[in-house]
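Coordinates in review
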Amino acid sequence: MFFTCGPNEAMVVSGFCRSPPVMVAGGRVLVIPCLQKIQRISLNTLTLPVRSEKVYTRHGVPISVTGIAQVKIQGQNKEMLAAACQMFLGKSESEIGQIALETLEGHQRAIMAHMTVEEIYKDRQKFSDQVFRVASSDLVNMGISVVSYTLKDVHDEQDYLRSLGKGRTAQVQRDARVGEAEAKRDAGIREARARQEQVSAQLLSEEATARAQRDFQVAQAECDGAVSARRATAELAFQLQAARSQQAIAAQRGEVALVERAQRVQLQEQEVGRRRQELEATVRKPAEAERYRLERLAEAQRTQVLLQAEAEAETLKVTGAARAAAVASRARAEAAAAAAKAEAFGQFQDAAVVDLVLQRLPQVAEAVAQPLLGTRRVTLVGGSGAVGVAKIPSEILDLVTRLPGAVGALARGSQVTPTEPEGGTGATETSQNSPKVSLSATPQ
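The notes below deal with the structure included here. What you are looking at is a predicted structure, and each value in this text was computed from that prediction instead of being measured. (Residues numbered from 1 in each chain as written. Predicted model: local features only at pLDDT ≥ 70, side-chain atom pairs only at ≥ 80, totals over all residues. Heavy atoms only, no water.)

1. Section: the overall build of the chain
Note the cut-off: Each helix is a run of DSSP H or I of at least 4 residues and each strand a run of E of at least 2, with the numbering of both proceeding from the N terminus. Exposure categories follow from relative accessible area, calculated using a 1.4 Å probe and restricted to protein chains: below 20% of the type maximum is buried, above 50% is exposed, and the middle band is partly exposed. In this analysis, two residues are considered to be in contact whenever any of their non-hydrogen atoms come within 4.5 Å of each other. In these tables, accessible area is a Shrake-Rupley quantity obtained with a 1.4 Å probe, and a residue counts as shielded only by the protein chains included in the view.
Scanning the chain for helices and strands turns up 7 helices and 10 strands. Looking at the 444 residues of the chain, the share that counts as buried comes to 18%. The contacts in the chain between residues at least 6 apart in sequence include a share of 65% that link residues at least 24 apart. Carbon and sulfur atoms make up 56% of the accessible area of the chain, which amounts to about 32000 Å² in all.

In structure tokens, the structure reads:
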């Protein structure tokens, strides 16, 4: 089983296979239970108040001394640790401290007996060093080292120390009074010298003050003259500078006026430019845009008209060609029909003509009588025989009776040329000796 301890503690393992015992300061060790035994010893520092009451010194004066000692078991030195384990193993810290305290007190009493009160009181460091040296050499054999020793207090009940202080106090007081008297004497002498020096310094100061005042007045007068001259010069210079400043101000005002005028002109030019741009933006540009739009519209319309004209021309061309082809075909057909009719007329001769005339005669009579349907006024001109309304039927009958002869003449190759009267519609010239009949028809 393993056991551990801190740096302020030491372990001693004894028993089976542990001869001599193993000492471990601040570490760990393996212990076999029932066969080995482990013990601990403290390495803490102990603070011991060493008091020696009513110890007689070398001159037989009893005094009491109190010191403070710091002791501890040295764990780094194996020999000292072994000695401490032999003497103090199994004891508590208080028991170890009591043993060390009694040892220190004994050495302190022994040293006090070999020294006088004055030596102990006046040279405390010497007393502390002797106690530390003697006690250390004795405690080392026990495994204890003295870390430090300090003398804390020295007192007695016979007022011996106070009596020693009284003589010194009286001597100090005497020296103090002598020193005070000498200081007062020196102070009086120095005060007299200081007063004399003060009077001399005061006289010298007054003399220097008078001389300085005189020099001041002279300098003041000179300064006043110079100041007056400078003031007059300054006033003239001020007036001159004021005039120059007025001129400069007037010139600056003129320049400012010119600059303002130029700025106004520039502002007016900018306003004119702005208005021109505004007019261009609000009037000219829209007008140009409108003109451009109208031009584009006119161009588009012209293009449309041209395209329509070209389309119509092409249509007319195509239609004309078609119509020409149709007319040519119809003409060829009519020519063929006319040739067939001529051939038929040639074969049948008069019988065919008479048949054609008889077929067309009602239509001719209807065409001749058609203008008379809307006649409102009849004017008869010239001729012999019957006149008036009675003449009209005979004229119509005469015209109708002449038609077969005219048709026969046409069939035989004769030519009959009808002429239209100059005065109106429905007048026909029949012969040179027949009376002229003028019919004027107004549609009802």
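2. Let's talk about the nonpolar core
Rules: Nonpolar cores are built from buried Ala, Val, Leu, Ile, Met, Phe, Trp, Tyr and Cys residues. Side-chain atoms within 4.5 Å join them into one set.
Ile63, Val71, Ile73, Leu104, Phe127 and Ile144 are the most contacted members of the largest nonpolar core, which has 37 residues in total. Of all elements in the fold, only β2 (9-15), β6 (46-56), β7 (62-73), α1 (78-88), α2 (93-113), α3 (117-122), α4 (124-139) and β8 (144-155) reach the threshold of two or more residues within this core. At 6 residues, the largest contribution of residues to this core is made by α2. Residues within four places of Phe127 in sequence aside, it is in contact with Val65, Gln108, Ile111, Met112, Met115, Ile120, Tyr149 and Leu151. Formed by 6 residues, the second largest nonpolar core is a distinct cluster that contains Met11, Val13, Val24 and Val31.

3. Comments concerning empty space enclosed by the protein
Worth spelling out the cut-off: A 1.4 Å probe that fits but cannot get out identifies a cavity on a 1 Å grid over protein atoms alone, an open set with protein on both sides within 12 Å along at least five of seven lines counts as a pocket, and a residue lines either if it has an atom within 4 Å of a point. Grid points are joined across faces, edges and corners, and a volume is the space filled by probe spheres set on the points. Each residue is assigned to one of three groups, with Ala, Val, Leu, Ile, Met, Phe, Trp, Tyr, Cys and Pro labelled nonpolar, Asp, Glu, Lys and Arg labelled charged, and all others, Gly among them, labelled polar.
With the rule as written, the count across this model stands at 1 cavity of 30 Å³ or more. What the largest cavity holds in volume is close to 80 Å³. Contributing to the lining of the largest cavity are Ser42, Asn44, Leu46, Val71, Lys72, Ile73, Glu93, Ile96, Ala100 and Ile144. Classifying every residue of the lining of the largest cavity by side-chain character gives 6 nonpolar, 2 polar and 2 charged.

4. Concerning the pairing of β6
The following threshold applies: For two strands to count as paired, DSSP must find a minimum of two bridges between them.
Bridging between β6 and β7 involves 9 bridges; their strand directions are antiparallel. Counterpart to Pro49 in the pairing with β7 is Ile68. The hairpin turn running from β6 into β7, its antiparallel successor, is 5 residues long, and Gly60 in that turn takes a positive phi close to 80°.

5. Details of a nonpolar patch on the surface
The test is simple: Patches in this entry comprise residues that are over 30% relatively accessible and not in a salt bridge; like charges within 9 Å are linked, as are nonpolar side chains (Val, Leu, Ile, Met, Phe, Trp, Tyr) within 5 Å. For this analysis, a salt bridge means a side-chain nitrogen from Lys or Arg found within 4 Å of a carboxyl oxygen belonging to Asp or Glu.
Taken together, the side chains of Phe16, Ile32 and Leu35 present a nonpolar region at the surface, about 270 Å² in accessible area. Owing to a relative accessible area of 46%, Phe16 belongs among the partly exposed residues under this scheme.

6. Quick notes on the side chain of Thr116
Looking at the element boundaries, Thr116 is found in the loop between α2 and α3. With near-sequence residues (within four places) excluded, Thr116 lies in contact with Thr57, Arg58 and His59.

7. Quick look at α2
This is how it is decided: By this rule, a helix spans an expected 1.5 Å times one less than how many residues it contains.
With 21 residues, α2 extends 30 Å between its outermost C-alpha atoms, agreeing within 8% with the 30 Å of an ideal straight helix rising 1.5 Å per residue. Of all the residues in α2, the buried ones are Ile96, Gly97, Ala100, Leu101, Thr103, Leu104, His107, Gln108, Ile111 and Met112. In this structure, the buried side of α2 is in contact with β6, β7, α1, α3, α4 and β8.

8. Topic: the sheet that holds β7
Cut-off, in case you're wondering: Axis definition: a line fitted to C-alpha atoms, limited for helices to the stretch in contact. Angles are taken between N-to-C directions and run from 0 to 180 degrees.
The antiparallel open sheet is built from 3 strands, whose spatial order is β6-β7-β8. Of all strands in the sheet, those with a lone pairing partner are β6 and β8, marking the two edges. The mean angle between the axes of side-by-side strands here comes to 20°, regardless of whether they run parallel or antiparallel. The sheet contacts of α4 involve β7 and β8, and relative to β8 the element is tilted by about 145°.

9. Concerning the environment of Tyr56
Here Tyr56 is to be found in strand β6. Taking the C-alpha atoms as reference points, Tyr56 and Arg109, 53 residues apart in sequence, are found 8.7 Å from one another. Those residues within four positions of Tyr56 in sequence are excluded, and the remaining contacts are Val61, Pro62, Met112 and Ala113.

10. What to know about α4
Using the following cut-off: By definition, the arc is the one covered by directions from the helix axis to the C-beta atoms.
The terminal C-alpha atoms of α4 lie 22 Å apart, and with 16 residues this matches the ideal 22 Å at 1.5 Å per residue to within 8%. Considered for burial, the residues of α4 that qualify are Phe127, Ser128, Val131, Ala135, Ser136 and Leu139. Angular distribution of buried residues about the axis of α4 spans 150°; they occupy a single face of the element. Facing away from the buried side of α4, by more than 90 degrees, are the exposed residues Gln125 and Arg133. Next to the buried residues of α4 lie β7, α2, α3 and β8.

11. Brief notes about the packing of α2 against α4
Note the threshold: Our angle categories are set so that under 35 degrees counts as roughly parallel, over 145 as roughly antiparallel, 65 to 115 as roughly perpendicular, and the remainder as oblique. Crossing chirality is assigned from the near helix's rotation relative to the far helix, an anticlockwise turn below a right angle marking it left-handed and a clockwise turn marking it right-handed.
The interhelical angle for the contact between α2 and α4, taken along N-to-C directions, is 135°, at an axis separation of 9 Å. When the axis of α2 is compared with that of α4, the two are oblique. Between α2 and α4 lies a crossing of right-handed hand. Between α2 and α4, the residues in contact are Ala100, Thr103, Leu104, His107, Gln108, Ile111 and Met112 and Phe127, Gln130, Val131, Val134, Ala135, Asp138 and Leu139, respectively.

Shape is all these values report; function is a separate question.
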